[in-house]
Amino acid sequence: MLLTLLAVVTIAIVRQRSLFGVVILASIYSFLMASVLIVLDAVDVAMTEASVGAGVSTVLLLATLHLVKTTEMKRVRPHLLPLFVSLGTGAVLVWGTLVLPPFGTPDAAIHKHVAPRYIADTIKDTNVPNVVTSVLADYRGYDTLGETTVIFTAGIGVMLLLRKARRRGRRDDAETSR
Amino acid sequence: MPTLAIVTDHYHYAITIFLMMAGLYIVVARGNMVKKLVGLSIFQTSVYLLYVEPGKIIGGTAPIIDPSFTVYSNPLPHVLMLTAIVVGMATLALGLALVVRINEAYGTIEEDEIFERDRET
């Protein structure tokens, strides 16, 4: 199953020490995730994941690798504690999922709340057949406004960080040439 | 037999939580900052799975209204996860910009080496 393949790629990412390898594996991981999302009927999410997760993220990571050292150093501290912490948390979470409704049942609590109203009324209210679009842009438009605000803030942050760096680099050059 | 049914019904949750914990492990245990960010994005993608999986109905189809279908999967998690993907992208970009800055200031992106430099000064 695709999910098992995802787990295998994740193990490879944990073990891989060359950062180029990590980035390429992360890209493969994103494409696998997109395939899983298509199987789960989330076609819009899959499309976004394939373009953003596998495309833009990979480009950004590679651009960063262009500027920094590309091999990971071996750890000097022992890493048993993080292993135990993650295994413990994972065990508790798995135990918690055992009482959740099984996969694919139509009468689970999640399908009883507002989702049926969105599906039933989308044509009448917005005349958009794609329910995901109508919820994103119409019923929950404020969420999307918040999302764009986050992007805007992050963009400003990246610009400020990198611009300051460039100016300092220029000053350093001037000092060394003097 | 009920044990087997429980295992197959909740297998997807087990894998999702495995991915989540692998991401957490990378973030905590690895010192390299680029790798930490990759771990963080693995954690985020596992959250997409955690949300989208319960929304699937067996026999349902993608939530695009068409007269020839009657059963649709739940569109609400899809919308929330679209937002989450874009926000995750923003955090990744900001984190990588910080990594580039740290690399300029310290000449390294390994946590241990950065702590050593701090101790020296």
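As shown above, the structure is provided for reference.
Residues numbered from 1 in each chain as written. Chains lettered and ligands numbered in written order. Predicted model: local features only at pLDDT ≥ 70, side-chain atom pairs only at ≥ 80, totals over all residues. Heavy atoms only, no water.

**Student:** Quick rundown of the packing of helix α2 (residues 19-39) of chain A against helix α3 (residues 43-67) of chain A? Include the residues and the values.
**Tutor:** Residue and element names in this part refer to chain A. Two numbers describe how α2 lies on α3: the axes approach to 8 Å, and their chain directions differ by 175°. Our classification of the angle between α2 and α3 gives roughly antiparallel. Of α3, the residues touching α2 (which contributes L19, F20, V23, S27, S30, F31, M33, A34, L37 and I38) are V45, A46, E49, A50, G53, A54, T58, L61, L62 and L65. Residue classes in the contact of α2 with α3 are distributed as 15 nonpolar, 4 polar and 1 charged. (Axes fitted to C-alpha atoms, helices over the stretch in contact; angles between N-to-C directions. Helix = DSSP H or I, 4+ residues; strand = E, 2+ residues; numbered from the N terminus. Parallel < 35°, antiparallel > 145°, perpendicular 65-115°, else oblique. Contact = heavy atoms within 4.5 Å. Nonpolar A, V, L, I, M, F, W, Y, C, P; charged D, E, K, R; others polar.)

**Student:** Before we move on, could you go through the nonpolar core and cite the residues and values that matter?
**Tutor:** Nonpolar side chains tend toward joint burial in soluble globular proteins. In this structure, L6, I13 and Y29 of chain A together with V34 of chain B are the most contacted members of the largest nonpolar core, which totals 54 residues. Elements supplying a minimum of two residues to this core: α1 (2-15), α2, α3, α5 (115-126) and α6 (131-139) of chain A together with α2 (11-29), α3 (33-55) and α4 (75-106) of chain B. (Core = buried A, V, L, I, M, F, W, Y, C linked by side-chain atoms within 4.5 Å. Buried < 20%, exposed > 50% of the residue type's maximum accessible area, 1.4 Å probe, protein only.)

**Student:** I'd like a description of empty space enclosed by the protein, backed by residues and values.
**Tutor:** Rolled over the atoms, a probe with the dimensions of a water molecule shows which regions are left empty. Going through the model one piece at a time under the given rule, you end up with 1 cavity of 30 Å³ or more. In this structure, the largest cavity encloses a volume near 240 Å³. In this structure, the largest cavity is lined by 23 residues; those nearest its centre are S30, G53 and S57 of chain A together with S41 and L92 of chain B. Of all the secondary-structure elements, those providing two or more residues to the lining of the largest cavity are α2 and α3 of chain A together with α3 and α4 of chain B. By residue number, the principal contributor to the lining of the largest cavity is α3 of chain B, which donates 7 residues. For the lining of the largest cavity, a count of residues per class yields 12 nonpolar, 10 polar and 1 charged. (1 Å grid on protein atoms, 1.4 Å probe; cavity = no way out; pocket = protein on both sides within 12 Å on 5 of 7 lines; lining within 4 Å. Points joined across faces, edges and corners; volume = space filled by probe spheres on them.)

**Student:** So, a nonpolar patch on the surface: which residues are in play, and what are the values?
**Tutor:** Residue and element names in this part refer to chain A. Taken together, the side chains of L80, L83, F84 and L87 present a nonpolar region at the surface, about 420 Å² in accessible area. Tracing the chain through its elements places F84 in helix α4 (residues 80-97). When its relative accessible area of 56% is taken as the criterion, F84 is described as exposed. (Patch = residues over 30% accessible without salt bridge, like charges linked within 9 Å, V, L, I, M, F, W, Y side chains within 5 Å. Areas by Shrake-Rupley, 256 points an atom, 1.4 Å probe, with all protein chains shown as cover. Salt bridge = Lys/Arg side-chain N within 4 Å of Asp/Glu carboxyl O.)

**Student:** So what's going on with the packing of α6 of chain A against α4 of chain B? Residues and values would help.
**Tutor:** At a minimum axis distance of 9 Å, the contact between α6 of chain A and α4 of chain B shows a crossing angle of 55°. Taken as axis vectors, α6 of chain A and α4 of chain B run oblique relative to one another. Handedness of the crossing formed by α6 of chain A with α4 of chain B: right-handed. Residues V131, V132, V135 and L136 of chain A of α6 of chain A touch α4 of chain B, and the partners they reach there are P75, L76, H78, V79, L82 and T83 of chain B. Looking at side-chain class alone, the contact of α6 of chain A with α4 of chain B contains 8 nonpolar, 2 polar and no charged residues. (Left-handed = near helix turned anticlockwise from the far one by under 90°.)

**Student:** Outline unusual backbone geometry, listing residues and values.
**Tutor:** Backbone geometry at D41 of chain A places phi at a positive 70°, although glycine is not the residue there. Its location among the elements puts D41 of chain A in the loop between α2 and α3.

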